[in-house]
Amino acid sequence: MASLDPSATSPSDRRLSRYGWQPVDPPRRPVLFINPRSGGGTAARAGLAERARERGVESVLLAPGQNLATLVDDAVASGADAVGMAGGDGSLAVVATAAAAHGLPFICVPAGTRNHFALDLGVDRRDPGGALDAFTDGVERRIDVADVNGHLFVNNVSLGIYGDAVRQPAYRDAKLSTLLRTAEEVLGPSSPASDLRLVDDLGREHRQLAVVLVSNNPYALDHPLHRGTRPALDTGQLGIVILDRPGDGVRPPGRAWSAQGLTVSATAPVHAGIDGEAAELHPLLRFAVRPTALRVRISARHPGASPSARFPPVRLPARQGGSRLLRAGDRRAGGLVQPGFR
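Since this is a predicted model, take the numbers as computed values, not measurements. (Residues numbered from 1 in each chain as written. Predicted model: local features only at pLDDT ≥ 70, side-chain atom pairs only at ≥ 80, totals over all residues. Heavy atoms only, no water.)

A look at the overall build of the chain
Right, on to step 1. Counting its regular elements, the chain contains eleven helices and 18 strands.
Right, on to step 2. Burial analysis of the chain (342 residues in total) assigns 53% to the buried set.
Right, on to step 3. Of the roughly 15,300 Å² that the chain leaves accessible, carbon and sulfur atoms contribute 51%. (Helix = DSSP H or I, 4+ residues; strand = E, 2+ residues; numbered from the N terminus. Buried < 20%, exposed > 50% of the residue type's maximum accessible area, 1.4 Å probe, protein only. Areas by Shrake-Rupley, 256 points an atom, 1.4 Å probe, with all protein chains shown as cover.)

What follows is the structure in structure tokens.
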């Protein structure tokens, strides 16, 4: 991979180099997978298939009922040397899994509804067509991915309230109202006790959990403007946020910390949202980070970093054990909720 000479590069090149991006040669046989239904038809409005073909990129449009993982495996077996996905975060993870397994570069084209991974990666979410330049005039770096029981994820896994809410048919169309309704059911006085248990970074056992959110790298919970983003995707750490059910008030109900791994126990299968897709996981749930496991490419004209990295907040004093305490009613606890809408 070529390196950037600071004395001979543009301000844009120097900015990208600061975030770890390096110029690369274009792939010889790139393939882009497109979900035409994502984002209410974003791919069609942006003309992604046509614009990809103009760049010499083979396009594969997903039809209802097709298995994306199988299509990607077939493309790799046929010689694809770079793979991209234009769709939501759940489908991005499927293609990223194959890219990581085969050591191929992965291109994220923001064609979903919210495109959270694209935002944290430094892709301009308003420019899906321009994101295709990653195939022809791209820069590359390595980032972490994470997995739970062998399921790779690029954003997060949600358990508890979020894990239950994402299974509701209305979730995709009304995420907030569905989440609040599920919260009332889960946290109500007559609701059954949670089956989730874990031990936090201070060695305390939590047996009454309402929310467990495990992310591929920590969220910027202290950032006033970009709390729902991750400043970096290469720290080699999981971000862990938990919320206990209302109890006796002996300790704050919420906590956030980072770690390389986490184990969550339960006595029955657990409802989960993996990058926003409903799933059922069988205990024990073992979370782990895979440092620098994924090669990613973006357009050299895109920002190259998350907003919480480009616009860092004022530094706050260090907290106990490097973790966060989240208190009920604290506006900063919004950082606890916001990442879960992914």
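Structure shown, so let's carry the discussion forward.
A few points about the confidence of the model for the chain
Right, on to step 1. Chain-level pLDDT for the chain is 83 on average; 76% of the residues reach the 70-or-more range.
Right, on to step 2. In this model residues 316-322 is a low-confidence stretch, pLDDT under 50, and it forms seven contacts with partners more than four residues away in sequence or in other chains.
Right, on to step 3. Taken together, the stretch residues 327-342 has pLDDT below 50 and engages in 50 contacts with residues farther than four places along the chain or on a different chain. (pLDDT = per-residue confidence, 0-100. Contact = heavy atoms within 4.5 Å.)

Description of the nonpolar core
Right, on to step 1. Of all hydrophobic cores here, the largest spans 56 residues; its most connected members are L32, F33, L48, F106, F117 and L121.
Right, on to step 2. Here this core gets six residues from one element, more than from any other, and that element is helix α5 (residues 89-102).
Right, on to step 3. Excluding anything up to four places from it in sequence, F117 contacts D89, L92, F106, C108, I143, V154, N155, R230 and L233.
Right, on to step 4. Core analysis: the second largest hydrophobic core is formed by 26 residues, V212, L262, V264 and I274 among them. (Core = buried A, V, L, I, M, F, W, Y, C linked by side-chain atoms within 4.5 Å.)

Things to note about α5
Right, on to step 1. Spanning 14 residues, α5 covers 20 Å between terminal C-alpha atoms, matching the ideal 20 Å at 1.5 Å per step.
Right, on to step 2. All of the buried residues along α5 are D89, G90, S91, L92, A93, V95, A96, A98 and A99.
Right, on to step 3. Just past α5, the residue G103 takes up positive phi, approximately 70°. (Expected span 1.5 Å × (residues − 1).)

Let's talk about unusual backbone geometry
Right, on to step 1. Cis geometry is found at the peptide bond from P283 to L284, where omega equals 0°.
Right, on to step 2. With respect to the helices and strands, the residue L284 is situated in the loop between β16 (277-281) and β17 (285-299).
Right, on to step 3. Positive phi is not limited to glycine here, since N115 has a value of about 55°.
Right, on to step 4. Even without being a glycine, N149 presents a positive backbone phi close to 50°.

Topic: the pairing of strand β6 (residues 138-148)
Right, on to step 1. Of all the eleven residues making up β6, ten are buried; the element is thus mostly covered by neighbouring parts of the structure.
Right, on to step 2. Two strands pair when backbone bridges link them, and strand β1 (residues 22-23) and β6 are joined in this way by two bridges, in the antiparallel orientation. Its bridge partner being in β6, Q22 is matched across the sheet by E140.
Right, on to step 3. With ten bridges joining them, β6 and β17 adopt antiparallel strand pairing. Following the sheet pairing, A146 is matched in β17 by V289.
Right, on to step 4. Pairing geometry for β6 and strand β7 (residues 151-153), over three bridges, is antiparallel. By the bridge assignment for β7, D147 is matched with L152. (Pairing = 2+ DSSP bridges.)

What to know about helix α4 (residues 68-77)
Each full turn of the α-helix corresponds to 3.6 residues, which orients residues three or four apart in the same direction.
Right, on to step 1. Among all positions in α4, only L68, L71, V72, A75 and V76 are buried. The buried residues of α4 all sit within an arc of 135° when viewed along its axis, so they share a single face.
Right, on to step 2. Where the residues of α4 are buried, they touch β2 (30-34), β3 (58-61), β4 (82-87) and α5.
Right, on to step 3. Residue N67 occupies the N-cap position of α4, its side-chain oxygen lying 3.0 Å from the main-chain nitrogen of A69. (Arc of directions from axis to C-beta. Polar contact = N/O pair within 3.5 Å; in protein donor to acceptor, adjacent residues only side chain to side chain.)

Some words on the packing of α4 against α5
Right, on to step 1. Taken N-terminus to C-terminus, the directions of α4 and α5 make an angle of 35°; their axes are 9 Å apart at the nearest point. Read as a crossing pair, α4 and α5 show a hand that is right-handed. Here L68, A69, V72, D73 and V76 of α4 come into contact with α5, specifically with S91, V94, V95, A98 and H102.
Right, on to step 2. In terms of residue class, the contact of α4 with α5 is built from seven nonpolar, two polar and one charged. (Axes fitted to C-alpha atoms, helices over the stretch in contact; angles between N-to-C directions. Left-handed = near helix turned anticlockwise from the far one by under 90°. Nonpolar A, V, L, I, M, F, W, Y, C, P; charged D, E, K, R; others polar.)

A closer look at the packing of aromatic side chains
Right, on to step 1. Across all of its chains, the model carries one aromatic pair by this definition.
Right, on to step 2. Aromatic side chains F153 and F287 sit 6.4 Å apart centroid to centroid with 80° between the ring planes, which places their arrangement in the edge-to-face category. Here the residue F153 occupies a position in strand β7, and F287 occupies one in strand β17, the gap between them amounting to 134 residues. Like F153, the residue F287 is buried in the burial classification. (Phe/Tyr/Trp six-rings, centres within 6.5 Å; stacked < 30°, edge-to-face > 60°.)

Side note on the pattern of salt bridges
Right, on to step 1. As enumerated under the stated definition, the model contains 13 salt bridges in all.
Right, on to step 2. Here D120 ties to R230 by a salt bridge, and the two come within 2.7 Å at their closest N and O atoms. Of this pair, D120 sits in helix α6 (residues 116-121) while R230 is found in the loop between β11 (209-216) and β12 (238-244), placing the two residues 110 residues apart along the sequence. Both residues of the pair, D120 and R230, belong to the buried class.
Right, on to step 3. Each of the salt bridges in this network shares a partner with another, and the network as a whole consists of R55, D133, D137 and R301. (Salt bridge = Lys/Arg side-chain N within 4 Å of Asp/Glu carboxyl O.)

Brief notes about the pairing of β17
Right, on to step 1. Pairing of strand β5 (residues 105-110) with β17 involves three bridges; the strand directions are parallel. In the strand pairing of β17, P105 is matched with R295.
Right, on to step 2. Bridging between strand β14 (residues 261-264) and β17 involves four bridges; their strand directions are antiparallel. Bridged to T263 within β17 is R286.

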